[in-house]
Amino acid sequence: MSATLSSHILDTHLGKPAANIAVTLHRIAQDQNAVCLATGTTNSDGRVSPDHWQFETSEDRVLSTGRYTLTFDTQAYFDTQKLTAFYPQVIIDFVISDSSHYHVPLLLSAHGYSTYRGS
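Residues numbered from 1 in each chain as written. Predicted model: local features only at pLDDT ≥ 70, side-chain atom pairs only at ≥ 80, totals over all residues. Heavy atoms only, no water.

So, on to the overall build of the protein. What the protein contains, in helices and strands, is one helix and ten strands. Taking 14 Å as the expected radius of gyration for a compact globule of 119 residues, we find that the protein reaches 14 Å, a close match to that expectation. Here the protein holds 119 residues, and 38% of them are scored as buried. Within the protein, contacts between residues at least 6 apart in sequence are counted, and of these 58% link residues at least 24 apart. A total of about 6,600 Å² of accessible surface is found on the protein, and carbon and sulfur atoms cover 51% of it. Side chains of the protein give 7 positive and 11 negative charges; the mean places of these two sets differ by 5 Å. (Helix = DSSP H or I, 4+ residues; strand = E, 2+ residues; numbered from the N terminus. Rg over C-alpha atoms; globule rule 2.2 N^0.38 Å. Buried < 20%, exposed > 50% of the residue type's maximum accessible area, 1.4 Å probe, protein only. Contact = heavy atoms within 4.5 Å. Areas by Shrake-Rupley, 256 points an atom, 1.4 Å probe, with all protein chains shown as cover. Lys, Arg positive; Asp, Glu negative; His and termini not counted. Charge placed at Lys NZ, Arg CZ, Asp CG, Glu CD.)

Set out below in structure tokens:
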């Protein structure tokens, strides 16, 4: 059995979900190389749910224990807001340690961000 993954982005400057942000999921291999597993785009509620990931292969759907990254294309989002972003992308490095559900929220503004393990 494998873990599932979702994410949610809240634009703290506007106080609303951040829609249409491209998100990429990578697995970090033992040799530290990043292997792209899936891509997604936040919906109108700022979410990428487990069933909305577009996996590269069917084998990539298996999120086993290990290290992963989520990369958020924040530059394109802030360009649409006509804001200069200090962070053109946000990369969250995290570990999957069992087969439960992992939710990785991102609280975002043009000059800062924070994250935590959600539920």
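Structure's up, so let's keep going.
With 28 residues, the main nonpolar core has Leu5, Leu25, Trp53, Leu63, Leu70 and Phe72 as its most contacted residues. Taken together, the elements giving at least two residues each to this core come down to strand S1 (4-11), strand S3 (22-28), strand S4 (34-41), strand S7 (66-72), helix H1 (74-80), strand S8 (90-96) and strand S9 (101-109). In this structure leucine 5 touches Leu25, Val48, Ser49, Pro50, Trp53, Leu63, Leu70, Phe94, His101, Tyr102 and Val104, once residues within four positions along its chain are discounted. (Core = buried A, V, L, I, M, F, W, Y, C linked by side-chain atoms within 4.5 Å.)

So, about a nonpolar patch on the surface. Taken together, the side chains of Phe86, Tyr87 and Tyr113 make up a nonpolar region of the molecular surface, amounting to roughly 310 Å² of accessible area. Relative to the helices and strands, tyrosine 113 resides in strand S10 (residues 112-115). (Patch = residues over 30% accessible without salt bridge, like charges linked within 9 Å, V, L, I, M, F, W, Y side chains within 5 Å. Salt bridge = Lys/Arg side-chain N within 4 Å of Asp/Glu carboxyl O.)

Within the fold, histidine 8 resides in strand S1. In this structure the side chain of histidine 8 is engaged in a polar contact, spanning 3.2 Å, whose partner is the backbone oxygen of aspartate 45. Once residues lying within four places of it in the same chain are set aside, the contact partners of histidine 8 are Asp45, Gly46, Arg47, His103, Val104, Pro105 and Leu106. (Polar contact = N/O pair within 3.5 Å; in protein donor to acceptor, adjacent residues only side chain to side chain.)

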